[in-house]
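So the chains spell out like this:
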Amino acid sequence: MEFRTDAHQRAYCRARDYLFDLFGEVNVSAVSGAFALQEGSTFVYVRAFPIGEGQAGVEVFSYVLSDVPVTEELTRFLLTHNLKLVFGGFGLALGADGNGSVLLTHTILADTMDPDELYASVTAIAKVADNLDDQLITRFGGKTALRKLGELPAVSRWS
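Parameters and conventions
Residues numbered from 1 in each chain as written. Predicted model: local features only at pLDDT ≥ 70, side-chain atom pairs only at ≥ 80, totals over all residues. Heavy atoms only, no water. Helix = DSSP H or I, 4+ residues; strand = E, 2+ residues; numbered from the N terminus. Rg over C-alpha atoms; globule rule 2.2 N^0.38 Å. Buried < 20%, exposed > 50% of the residue type's maximum accessible area, 1.4 Å probe, protein only. Contact = heavy atoms within 4.5 Å. Areas by Shrake-Rupley, 256 points an atom, 1.4 Å probe, with all protein chains shown as cover. Pairing = 2+ DSSP bridges. Axes fitted to C-alpha atoms, helices over the stretch in contact; angles between N-to-C directions. Expected span 1.5 Å × (residues − 1). Bend = angle between axes of the 7 residues up to and from the residue. pLDDT = per-residue confidence, 0-100. Arc of directions from axis to C-beta. Core = buried A, V, L, I, M, F, W, Y, C linked by side-chain atoms within 4.5 Å. Polar contact = N/O pair within 3.5 Å; in protein donor to acceptor, adjacent residues only side chain to side chain.

Caption draft 1: A look at the overall build of the chain. The helix and strand inventory of the chain stands at 4 helices and 6 strands. Ordered by position from N to C terminus, the α and β elements of the chain give α-β-β-β-β-α-β-β-α-α. Relative to the globule expectation of 15 Å for 159 residues, the C-alpha radius of gyration of the chain, 16 Å, shows essentially globular dimensions. When its C-alpha atoms are laid out on the principal axes, the chain stretches across 45 × 45 × 30 Å. Counting all 159 residues of the chain, 41% fall into the buried class. Expressed as a percentage of contacts within the chain between residues at least 6 apart in sequence, the contacts between residues at least 24 apart total 63%. Roughly 9000 Å² of accessible area belongs to the chain as shown, and the carbon and sulfur atoms make up 52% of that amount.

Shown next, in the form of structure tokens:
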């Protein structure tokens, strides 16, 4: 992992240590500079990022759906549902094919983050993503993160 600032490195190490303490090392995987945890049919990711030179943030996020047709009805649902969330908000990443990915994301300032705050963020994002993904698929189409992962070709870890 390459860090862009000292604050970025401190945030990454703090998030890693808290996640290992809260959820156990066996339940936390390092993935491309982030950490991943599975909850039901979804994955929650935690990543550190620099904010200028002296600060950093920790983002907790989940890909709730992928390959979903982007419609006015979907965007209205996501914006309206954002008002009901205690932690985080929905976003929509558009693909070149016109379909999108629905993300649920929450950001914490790393310097003041404590284990309770990170736990609350991770569990809230996991619960909402896992509870809504099947409902959203039924209503709007798309795939859950777990289903999308199952479609990827198998890769040997020894190759």
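Caption draft 2: Summary view of the sheet that holds strand β6 (residues 99-109). Spatial ordering of the open sheet is given by β1-β2-β3-β4-β6-β5, a layout of 6 strands whose pairing is antiparallel. Unpaired on one side and paired on the other, β1 (29-31) and β5 (89-94) mark the two borders of the sheet. Adjacent strand axes in the sheet meet at a mean angle of 35 degrees when their direction is disregarded. Against the sheet, helix α2 (residues 72-82) contacts β4 (55-69), β5 and β6, and its axis sits at roughly 155 degrees relative to β5.

Caption draft 3: How the structure looks around helix α3 (residues 115-140). Taking 1.5 Å of rise per residue, 26 residues should cover 38 Å, and α3 covers 36 Å from first to last C-alpha, within 8% of that figure. A bend of about 35 degrees at L132 is the largest found in α3. Taken together, the buried positions of α3 are occupied by L118, S121, V122, A124, I125, A126, A129, L132, D133, L136 and F140. In the stretch just after α3, G141 is the one whose phi turns positive, near 95 degrees.

Caption draft 4: The confidence of the model for the chain, seen in detail. Averaged over all residues, the pLDDT of the chain is 89; the fraction at 70 or higher stands at 91%. By mean pLDDT, the top-scoring element of the chain is helix α1 (residues 6-23) (97), and the lowest-scoring one is helix α4 (residues 145-151) (53). Within the model, pLDDT remains below 50 along residues 149-159, and this stretch shows 2 contacts once partners closer than five positions in the same chain are excluded.

Caption draft 5: Fine view of α2. Burial in α2 covers these residues: L74, F77, L78 and H81. Angularly, the buried residues of α2 cover 95 degrees about the axis, an arc narrow enough to put them on a single face. Opposite the buried face of α2, by more than 90 degrees, sit the exposed residues E72, R76 and L79. Next to the buried residues of α2 lie β4, β5, β6 and α3.

Caption draft 6: Fine view of the nonpolar core. Counting residues in each nonpolar core, the largest one holds 37 residues, and the members touching the most others are L19, L118 and V122. Sorting the residues of this core by element identifies α1, β2 (34-39), β3 (42-51), β4, α2, β6 and α3 as the ones contributing at least two each. Element by element, the count of residues in this core is highest for α3, at 8 residues. Among the nonpolar cores identified, the runner-up in size contains 5 residues, and A36, F43, Y45 and L103 belong to it.

Caption draft 7: Structural context of the side chain of K143. Structurally, K143 is set in the loop between α3 and α4. Look at K143 and you get buried, because its relative accessible area is 18%. One polar contact links K143 to D67, side chain to side chain, over a distance of 3.3 Å.

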